[in-house]
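Reading the structure
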Amino acid sequence: AEDMLKYLGANMGIIESELYPALQFSHEYSGGGNDVIKPGLGWFNMDVEGVDVVWHDGGTVGFMTFAGFRKDKTMGVVVLTNSTGFPDDLGFHLLNPDYPMVEPKLPLSNTLNKILLDEGIEAVENAYMEIKENESDKYINELLEAKLKA
C-alpha cells in the first residue's frame, strides 16, 4: 500500500519528482470516452458530484483496486480490496461524500457453499433456482461475470 500512496502523491505533485510534468500530462484528456468519463493516458477524469477527480481502477481475480485524487490536490485515496467487485464507488465517496455508495451484492458462491455444507446438494439446487427467480439482483454470480469478462 505504501508504494501506491507514493505513486499517488507523485501524481498529485505533493511528492517531488522530476517526472511530475509527464505525470501531469498523463492526466490530460486524450480523446474518446463519453459524457461522464474522459480518458487520459492511463487515467480517467470524471466529475464526481461537482468535484473533478482523476482516477484509475483495476485488478485480477479476487483483488480489485482504486486510486484517485481530487484535481485540486486536496485529497487522494487508494482502495485495495480482496473482492471481485470494483471499489470505485467507495473511492469516489471518500473523495466526495456526496457520491452515493452502491449496495454491495452478496457472493453467490459463498451463499451456495454454506447451504451445501448445512443442507446438502439438493438444497443447493433449490436455493439456486429460488435466488435466480426472486433475488438475482442481490447477488453477484462470480462464475458468470468471469465468463463475461473473458
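As a reminder, the structure under discussion sits directly above these lines.
This report concerns the structure included in the present document. These numbers come from a predicted model, not from an experiment.

Turning next to the nonpolar core. Membership of the largest hydrophobic core is limited to 10 residues, which are Met 46, Val 48, Val 51, Val 53, Trp 55, Phe 66, Val 77, Val 79, Phe 92 and Leu 95. Listing elements by their share of this core, those giving two or more residues are strand 2 (44-48), strand 3 (51-60), strand 5 (76-81) and helix 3 (88-95). Ranked by residue count, the leading element in this core is strand 3, at three residues. The contact partners of Leu 95, leaving out residues within four places of it in the chain, are Val 53, Phe 66, Gly 68, Phe 69, Arg 70, Met 75, Gly 76 and Val 77. Listed in part, the seven residues of the second largest apolar core include Leu 108, Leu 112, Val 124 and Ala 127.

A few words on the pairing of strand 4 (residues 63-70). Summarising burial for strand 4: six of the eight residues are buried, a large majority. By the bridge criterion, eight bridges tie strand 3 to strand 4 in an arrangement that is antiparallel. Bridge pairing in strand 4 links Val 54 to Phe 69. Once strand 3 ends, the chain turns through two residues before running back antiparallel as strand 4, passing Gly 62 with a positive phi of about 90°. With antiparallel pairing between neighbouring strands as the criterion, strand 4 and strand 5 make up a hairpin whose turn holds five residues, including Lys 73 at a positive phi of roughly 65°.

The next subject is the pattern of salt bridges. Considering all chains together, one arrives at two salt bridges under this definition. Two residues, Lys 114 and Asp 118, come together in a salt bridge whose shortest N-O distance is 2.7 Å. Placement of the pair is Lys 114 and Asp 118 together in helix 4 (residues 108-119), with a separation of four residues, close to one helical turn. Judged by its relative accessible area of 52%, Asp 118 is exposed.

Let's shift gears to the packing of helix 4 against helix 5 (residues 121-134). Two elements in contact, helix 4 and helix 5, have axes separated by 7 Å at closest approach and are oriented at 145°. Of the two possible hands of crossing, helix 4 and helix 5 adopt the one that is right-handed. On helix 5, the residues touching Leu 108, Thr 111, Leu 112, Ile 115, Leu 116 and Glu 119 of helix 4 are Ile 121, Ala 123, Val 124, Ala 127, Tyr 128 and Ile 131. Of the residues in the contact of helix 4 with helix 5, the class split is 10 nonpolar, one polar and one charged.

Conventions and cut-offs
- Residues numbered from 1 in each chain as written.
- Predicted model: local features only at pLDDT ≥ 70, side-chain atom pairs only at ≥ 80, totals over all residues.
- Heavy atoms only, no water.
- Core = buried A, V, L, I, M, F, W, Y, C linked by side-chain atoms within 4.5 Å.
- Buried < 20%, exposed > 50% of the residue type's maximum accessible area, 1.4 Å probe, protein only.
- Helix = DSSP H or I, 4+ residues; strand = E, 2+ residues; numbered from the N terminus.
- Contact = heavy atoms within 4.5 Å.
- Pairing = 2+ DSSP bridges.
- Salt bridge = Lys/Arg side-chain N within 4 Å of Asp/Glu carboxyl O.
- Axes fitted to C-alpha atoms, helices over the stretch in contact; angles between N-to-C directions.
- Left-handed = near helix turned anticlockwise from the far one by under 90°.
- Nonpolar A, V, L, I, M, F, W, Y, C, P; charged D, E, K, R; others polar.

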